[in-house]
Amino acid sequence: QVQLVESGGGLVQAGGSLRLSCAASGRIFSINTMGWYRQAPGKQRELVATITSGGILAYGDSVKGRFTISRDNAKNTVYLQMSSLKPEDTAVYYCKALVRMVVSDLPDLYWGQGTQVTVSS
C-alpha cells in the first residue's frame, strides 16, 4: 500500500504564512499528479492546487496568487506554500496523489489523512 503523510498545519493569524508537506511512501513505481484539496465545515471538498510529474500546475481560483505548489520527485513529496492567509482559508487540507505501485500496471488514487489549518482574524 501507499501512505501519504501530511504535516505543517496549525494556527496562524490572518496575513500570515504556512507551509504544508505531504510525503508518499510505499512500494512506489511512479507518481503522476500530486495535489492539495481542502474541506471547510459544512462545505464540499475543493481543489487547492495540483502539480504533475512534469511540473504542470493548476490552482483553485480562491488561492491564485497566494499559494504555491511544488514537489520534490526524488523525495516523493509535495509542498504547499500558503501566504497572505485569510480566515476563509480555514479548513482541513488533504493531500492527493495518483500513484503507480511497483506491483501494479495501473495507477491508483490515494488520499492523506488531512491536516488542520486555522486562520484567525
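Residues numbered from 1 in each chain as written. Predicted model: local features only at pLDDT ≥ 70, side-chain atom pairs only at ≥ 80, totals over all residues. Heavy atoms only, no water.

Bringing the state of the cysteines into the picture now. Following the criterion strictly, the structure yields one disulfide and no others. Here C22 connects covalently by a disulfide to C95, the sulfurs 2.1 Å from one another. Across the S-S bond linking C22 and C95, the dihedral sits near -80°, which makes this disulfide left-handed. Here the residue C22 occupies a position in strand β3 (residues 18-26), and C95 occupies one in strand β9 (residues 91-101), the gap between them amounting to 73 residues. (Disulfide = S-S within 2.5 Å. Helix = DSSP H or I, 4+ residues; strand = E, 2+ residues; numbered from the N terminus.)

Taken together, the side chains of F29, V102 and V103 present a nonpolar region at the surface, about 310 Å² in accessible area. By relative accessible area, which is 52% here, F29 ends up exposed. (Patch = residues over 30% accessible without salt bridge, like charges linked within 9 Å, V, L, I, M, F, W, Y side chains within 5 Å. Areas by Shrake-Rupley, 256 points an atom, 1.4 Å probe, with all protein chains shown as cover. Salt bridge = Lys/Arg side-chain N within 4 Å of Asp/Glu carboxyl O. Buried < 20%, exposed > 50% of the residue type's maximum accessible area, 1.4 Å probe, protein only.)

On to the pairing of strand β11 (residues 115-120). One face of the sheet, then the other: side chains in a regular strand alternate in exactly this way. Residue alternation in β11 divides its side chains into a buried set, T115, V117 and V119, and an unburied set, Q116, T118 and S120. As paired strands, strand β2 (residues 10-13) and β11 are joined by four bridges and run parallel to one another. Each residue of the ladder has a partner; that of G10, found in β11, is V117. (Pairing = 2+ DSSP bridges.)

So, about the packing of aromatic side chains. A complete count under the given rule lists one aromatic pair for this structure. With centroids separated by 5.3 Å and ring planes inclined at 65°, the aromatic side chains of Y37 and W111 adopt a geometry described as edge-to-face. One end of the pair, Y37, is in strand β4 (residues 28-39); the other, W111, is in strand β10 (residues 108-111), and 74 residues separate them in sequence. For W111, a relative accessible area of 37% gives the class partly exposed. If you follow R45 out to its NZ or CZ, it ends over the ring of Y94, 3.7 Å from the centre. Here R45 stacks its cationic end above the ring of W111, 4.6 Å away from the centre of that ring. (Phe/Tyr/Trp six-rings, centres within 6.5 Å; stacked < 30°, edge-to-face > 60°. Lys NZ or Arg CZ within 6 Å of the ring centre and 35° of its normal.)

The next thing to look at is the sheet that holds strand β8 (residues 77-82). With antiparallel pairing, four strands are arranged side by side in an open sheet as β1-β3-β8-β7. Single-partner strands in this sheet number two, and they are β1 (2-7) and β7 (67-72). The sheet shows a mean angle of 15° between the axes of neighbouring strands, direction not considered. The pairing of β1 with β3 spans six bridges and is antiparallel. Bridge pairing in β3 links E6 to C22. (Axes fitted to C-alpha atoms, helices over the stretch in contact; angles between N-to-C directions.)

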